[in-house]
Amino acid sequence: RADSERTWRHTQNIGEPFNSDNLSKEINIVREEVHRTSQILLQLKDLKQDESLTHTGVDMNVEIQDLCTIYKNSLFLIKEIQCELLLDPKLERLTLNRNTLKQILTNLIRNASEALSKAKKGKIKISTNALINVNGQDFVELSIEDNGPGIPADILNSLFKPVISTKGNGHSGLGLSITKNLVKDAKGTISCRSSESGTVFQILFPK
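Residues numbered from 1 in each chain as written. Predicted model: local features only at pLDDT ≥ 70, side-chain atom pairs only at ≥ 80, totals over all residues. Heavy atoms only, no water.

*Asks:* Sorry if this is basic, but what is going on with the overall build of the protein chain here?
*Replies:* When its secondary structure is counted, the protein chain shows eight helices and five strands. Overall, the protein chain shows an N-to-C arrangement of helices and strands of α-α-α-α-α-β-α-β-β-α-α-β-β. Evaluated residue by residue, the protein chain yields a buried proportion of 40% over its 207 residues. In the protein chain, of all internal contacts separated by at least 6 residues, the share reaching a separation of at least 24 is 71%. Roughly 11900 Å² of accessible area belongs to the protein chain as shown, and the carbon and sulfur atoms make up 53% of that amount. (Helix = DSSP H or I, 4+ residues; strand = E, 2+ residues; numbered from the N terminus. Buried < 20%, exposed > 50% of the residue type's maximum accessible area, 1.4 Å probe, protein only. Contact = heavy atoms within 4.5 Å. Areas by Shrake-Rupley, 256 points an atom, 1.4 Å probe, with all protein chains shown as cover.)

*Asks:* What should I look at first to understand the pairing of strand β4 (residues 189–195) in this one?
*Replies:* Every regular strand shows the same layout, with side chains that alternate between the two sheet faces. Sheet topology note: the β4/strand β5 (residues 198–206) ladder contains seven bridges and is antiparallel. Bridge pairing in β5 places C192 opposite F201. Between β4 and the antiparallel strand that follows it, β5, lie two residues. (Pairing = 2+ DSSP bridges.)

*Asks:* What's the story with the packing of aromatic side chains in this structure? I'm lost.
*Replies:* The geometry of two aromatic rings is summed up by the distance between their centres and the angle between their planes. All told, the structure shown has two aromatic pairs when counted by the stated rule. With a centroid separation of 5.6 Å and an interplanar angle of 55°, the aromatic rings of Y71 and F76 are classed as tilted. The two residues Y71 and F76 agree in class, both being buried. Measuring from centroid to centroid gives 6.3 Å for F160 and F201, while their planes differ by 80°, and the two rings are edge-to-face. Of the two residues, F160 is situated in the loop between α7 (153–156) and α8 (173–185) and F201 in strand β5; the sequence distance between them amounts to 41 residues. A relative accessible area of 19% places F160 in the buried class. (Phe/Tyr/Trp six-rings, centres within 6.5 Å; stacked < 30°, edge-to-face > 60°.)

Structure (structure tokens):
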């Protein structure tokens with residue numbers, strides 16, 4: 001849940017006996033977020049050092065397939081997540097940094113997986129579309145959808161700000177803030193829609 005919700009619960013518990021178990025859980029959450037953040041920052045450093053990969057372009061469908069093959073026997077297997085790929089065969093190579101695309105995919109797939117539980121038979125659907133036209137301009141679409149519980153409206157309004165965190169419901173704020181910046185650097189746009197039946201992130205890259 002959001003940090004604001006966690007603060008609210010703590011406020012309500014003032015004056016109650018000290019609970020070491022709750023404190024231990026909070027420390028573990030902080031430790032996980034610090035580790036996650038450090039890994040993302042290290043990867044971002046690598047992205048900046050390898051801008052030459054932009055010139056050769058990237059096959060988005062291949063990158064998606066390769067990444068999901070890795071997760072099939074690790075993340076997806078552990079959390080019993082079904083992954084469905086709907087990849088447009090007409091999609092051509094894009095003028096993007098390969099590592100940038102991989103980081104965007106990794107952040108969004110991991111965030112989606114964090115929103116899913118074994119009890120609900122979690123499912124992630126990743127799709128691409130070779131031609132989306134917005135206001136007369138052509139884009140390539142990348143969509144990542146999960147069937148999790150959705151994102152609360154108050155968090156959704158500020159979802160891409162680094163201060164927002166939904167730890168426990170997936171879609172961690174820091175990771176999404178960095179993802180937004182990566183998409184922006186690639187001249188693309190990212191949007192999100194969410195309901196109780198799931199969440200969809202849509203990215204549009206210019207052709």
